Amino acid sequence: MIPFSETILEWYAANGRDLPWRHTRDPYAIWLSEIILQQTRIAQGQAYWERFMAAFPNVKALASASEDEVLRLWQGLGYYSRARNLHAAARQIVELGAFPDTIEGIRRLKGVGDYTAAAIGSIAFGLPAAVVDGNVYRVLARHFGIVTPVGSTAAKKEFSELARKLLPTDRPGDFNQGMMDFGAVQCTPVSPACLLCPLADSCTALATGQVDRLPVKEKGTAVQTRRFDYIYLRFRGRTAIRRRGPGDIWQGLYEPVVREPGPRDGAGEKDLLLLRAGVKHQLTHRTLLADFYLWTPQEEPDLPEGYVWIEEAELDRYAKPRLFELLLESLPG
Ligand code: SF4
């Protein structure tokens, strides 16, 4: 075996993180963990994985749940398209009759890209597919001194080919998980533990003083800012909400009355109470800035399109984005 790969496997055996989905070969449990961890830290993701496994112990249970139930359980994790895809993929699997056991088959599930397919395939079925994520880019770029900017198509090809060559075909799952953990625990983005690193003797970045410069990053996409007002309507114990449609963030979640800030004519403004201004919420390529208001009209207002009245006491039953939760926490009484 290639010495690099052997070292990673040994390191993983001694230092790998003990996580509940690592004690099973059940592809459903492993798939669920991979989808949850796509954009979530392990500490937070583990609690959600446990909740999902308790509520939906197998793929049939998940497939027969309603989308609202799945979104509610997902609430707080963000990137809700993952939850919708998870639900759709559960139905795909039930239709197939069994969890697909080839990389191509797994890749066809909704919400599964190359990385996730390789992770599930190697861990659950021992398929020889190498994962390439941020951790893997960093470890490989440093150890082998690769200066190709990550994020480019050329880098994807170069790093994937190298990872494939390094992959021990008899233990692909352990190697992939070892690489992820090694990147997360040992060869970290800032202050990697080079002094105690079992790869120190062969590490190009360490030998050439480039640890802080590798991996080379491409310039990121500019982050846009979007401003809006979030308005909680309160009229005789009821409030108004709307389910968000497709094609934008938070699809399928419920929101209060929303308006883009702009010049006002003053009509109706007297019933509005500003609760909090400039509440910031960060998404991948967007910063949201919201002002929170409480609106207590004297007479029943006409609702904007798509809104329905619900009892305030029933709000708990609806899946909401984090910002809406914050608005509810800002309400008086
Ligand atoms: S020596 Fe440092 S930079 Fe090189 S692989 Fe080890 S932790 Fe990473």
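Data block above holds the structure.
Note that this is a predicted model, so its numbers are computed, not measured.

So, how was this worked out
Residues numbered from 1 in each chain as written. Predicted model: local features only at pLDDT ≥ 70, side-chain atom pairs only at ≥ 80, totals over all residues. Heavy atoms only, no water. Pairing = 2+ DSSP bridges. Helix = DSSP H or I, 4+ residues; strand = E, 2+ residues; numbered from the N terminus. Axes fitted to C-alpha atoms, helices over the stretch in contact; angles between N-to-C directions. Contact = heavy atoms within 4.5 Å. Parallel < 35°, antiparallel > 145°, perpendicular 65-115°, else oblique. Left-handed = near helix turned anticlockwise from the far one by under 90°. Nonpolar A, V, L, I, M, F, W, Y, C, P; charged D, E, K, R; others polar. Buried < 20%, exposed > 50% of the residue type's maximum accessible area, 1.4 Å probe, protein only. Near = heavy atom within 4 Å.

Asks: Would you explain the sheet that holds strand S5 (residues 272–282) in this entry?
Replies: Picture the strands of a sheet paired through backbone hydrogen bonds; they go either parallel or antiparallel. Reading across from one edge, S4-S1-S6-S5 is the order of the four strands in this open sheet, with mixed pairing throughout. Here the strands that pair on one side only, and so sit at the sheet edges, are strand S4 (257–259) and S5. For this sheet, the mean angle separating the axes of adjacent strands, direction not counted, is 25°. Strand direction decides the pairing type here: S5 and strand S6 (residues 286–295), joined by eight bridges, are antiparallel. Note that in S6 the partner of Arg-276 across the bridge is Phe-292. Sitting on the sheet, helix H13 (residues 322–330) is in contact with strand S1 (224–233), S5 and S6, with an inclination near 45° to S1.

Asks: What exactly am I supposed to notice about the packing of helix H2 (residues 27–36) against helix H8 (residues 114–125) here?
Replies: In helix packing, the relevant descriptors are the interaxial angle and the interaxial distance, both defined with respect to the helix axes. Remark: H2 packs on H8, axes separated minimally by 10 Å, with the N-to-C direction vectors making an angle of 150°. Relative to H8, the element H2 lies roughly antiparallel. Once H2 is placed against H8, the crossing between them reads as right-handed. Contacts from Pro-27, Ile-30, Trp-31, Glu-34 and Ile-35 in H2 reach Tyr-115, Thr-116, Ala-119, Ile-120, Ile-123, Ala-124 and Phe-125 in H8. Taken together, the residues of the contact of H2 with H8 sort by class into 10 nonpolar, one polar and one charged.

Asks: Just to check I follow, could you spell out unusual backbone geometry for this structure?
Replies: Leaving glycine aside, a negative phi is the common case for residues, and trans is the common case for peptide bonds. A cis amide bond links Leu-214 to the next residue, Pro-215, at an omega of 0°. Along the polypeptide, Pro-215 turns up in the loop between helix H12 (204–207) and S1. With phi around 45°, Tyr-79 is a residue other than glycine that occupies positive phi space. Here Tyr-79 falls in the partly exposed class, since its relative accessible area comes to 34%. Non-glycine residue Arg-236 carries a positive phi angle of around 50°.

Asks: Just checking my understanding: could you explain the side chain of Ser-330 for this structure?
Replies: Note that Ser-330 resides in helix H13. For Ser-330, a relative accessible area of 19% corresponds to the buried category. Setting aside chain neighbours within four positions, we find Ser-330 in contact with Leu-275, Arg-276 and Phe-292.

Asks: How should the site of the ligand be read in this particular structure?
Replies: The immediate surroundings of the ligand are formed by Arg-142, Cys-187, Pro-192, Cys-194, Cys-197, Ala-200, Cys-203, Leu-206 and Val-211. Among the residues forming the shell around the ligand, the class breakdown is eight nonpolar, no polar and one charged.

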